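Structure assessment
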Amino acid sequence: MTIFEKMLNKEIPANILFEDENVLAIHDIDPQAPEHILLIPKETAAGLNDIENWSDEQAGRYLKTVVKTAKLLGVDKSGYRLVINSGRHGGQTVPYLHMHILAGRRMNWPPG
Ligand code: 5GP
């Protein structure tokens, strides 16, 4: 089981920003910006490809939690970067789906 599933199951503690019926939102242990939040879905998926098995409603609700998080952080107006690392070439290190929200500074482009 991945570390994020253990956090969802409350088997290990997490630095939680909020939790609702769709996601567990936690602070990244190694933040890459002043705000770095991980949105871990309660609906199981090892990576983004697996959301093919979700309903459109589940997928849409997951994406909408980004906006909820941005508002909670107070960065919805200033802006933020949304990242999903998918698979080996995408740089995914934990094989359980999560979105990164990075905020609090101006982001660079192109990404590394
Ligand atoms: P990925 O590289 O899979 O897209 O992102 C994994 C993220 O999980 C990384 O940003 C990493 O810092 C974070 N991470 C790994 N282990 C832990 C942990 O135990 N707690 C928290 N809060 N974040 C973690």
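Residues numbered from 1 in each chain as written. Predicted model: local features only at pLDDT ≥ 70, side-chain atom pairs only at ≥ 80, totals over all residues. Heavy atoms only, no water.

1. A closer look at the site of the ligand
Put simply, the rule reads: We define proximity as follows: a residue is near a molecule or strand when any one of its heavy atoms falls within 4 Å of that partner. Any pair of N or O atoms that falls within 3.5 Å is considered a polar contact. Within protein, one atom must be able to donate a hydrogen and the other to accept it, and sequence-neighbouring residues count only if both atoms are side-chain atoms. Per-residue accessibility takes into account occlusion by the displayed protein chains alone, with areas from the Shrake-Rupley method and a 1.4 Å probe. Only DSSP runs of H or I covering at least 4 residues are called helices, and only runs of E covering at least 2 are called strands; the numbering of each starts at the N terminus. When residue character is reported, Ala, Val, Leu, Ile, Met, Phe, Trp, Tyr, Cys and Pro are called nonpolar, Asp, Glu, Lys and Arg charged, and the others, Gly included, polar.
Near the ligand there are 16 residues, and of these His-27, Asp-28, Asn-85, Thr-93 and His-100 occur at the shortest range. A distance of 2.9 Å separates a nitrogen atom of the ligand from a polar atom in the backbone of His-27. Compared with its free state, where it exposes 520 Å², the ligand has 81% of that area covered by protein. Within the residue set of the shell around the ligand, elements represented by two or more residues are helix 1 (3–8) and strand 2 (23–27). Residues belonging to the shell around the ligand are distributed by class as follows: seven nonpolar, seven polar and two charged.

2. A few points about the nonpolar core
Applicable threshold: We call a set of buried Ala, Val, Leu, Ile, Met, Phe, Trp, Tyr and Cys residues a nonpolar core when their side-chain atoms join them within 4.5 Å. Each residue is placed in one exposure class: buried if its accessible area under a 1.4 Å probe, protein chains only, is under 20% of its type's maximum, exposed if it is over 50%, and partly exposed if it falls in between. Residues are treated as being in contact if the distance between any of their heavy atoms lies within 4.5 Å.
Ranked by internal contacts, the top residues of the largest apolar core, which has 16 residues, are Ile-37, Leu-39 and Tyr-62. Elements supplying a minimum of two residues to this core: strand 2, strand 3 (35–41), helix 2 (56–73) and strand 5 (99–103). Among the elements that line this core, the one with the most residues is helix 2, at four residues. Residues in contact with Tyr-62, not counting those within four places in the same chain, are Val-23, Leu-39, Pro-41, Trp-54, Leu-97, His-98 and Met-99.

3. Notes on the pattern of salt bridges
Spelled out, the test is: A pairing counts as a salt bridge when a side-chain nitrogen of Lys or Arg comes within 4 Å of a carboxyl oxygen of Asp or Glu.
Throughout the structure, instances matching the rule amount to five salt bridges. Note that Lys-68 and Asp-20 form a salt bridge whose closest N and O atoms lie 2.8 Å from each other. Of this pair, Lys-68 sits in helix 2 while Asp-20 sits in the loop between strand 1 (16–19) and strand 2, and the two are 48 residues apart along the sequence. On the basis of relative accessibility, which here comes to 12%, the residue Asp-20 falls in the buried class. A salt bridge links Asp-76 to Lys-77; its shortest N-O distance comes to 3.3 Å. Taking relative accessible area as the criterion, Asp-76 reaches 29% and is therefore assigned partly exposed. Taking the relative accessible area as the measure of exposure, Lys-77 reaches 76% and is therefore exposed.

Geometric descriptors of this kind do not, in isolation, establish any biological role.
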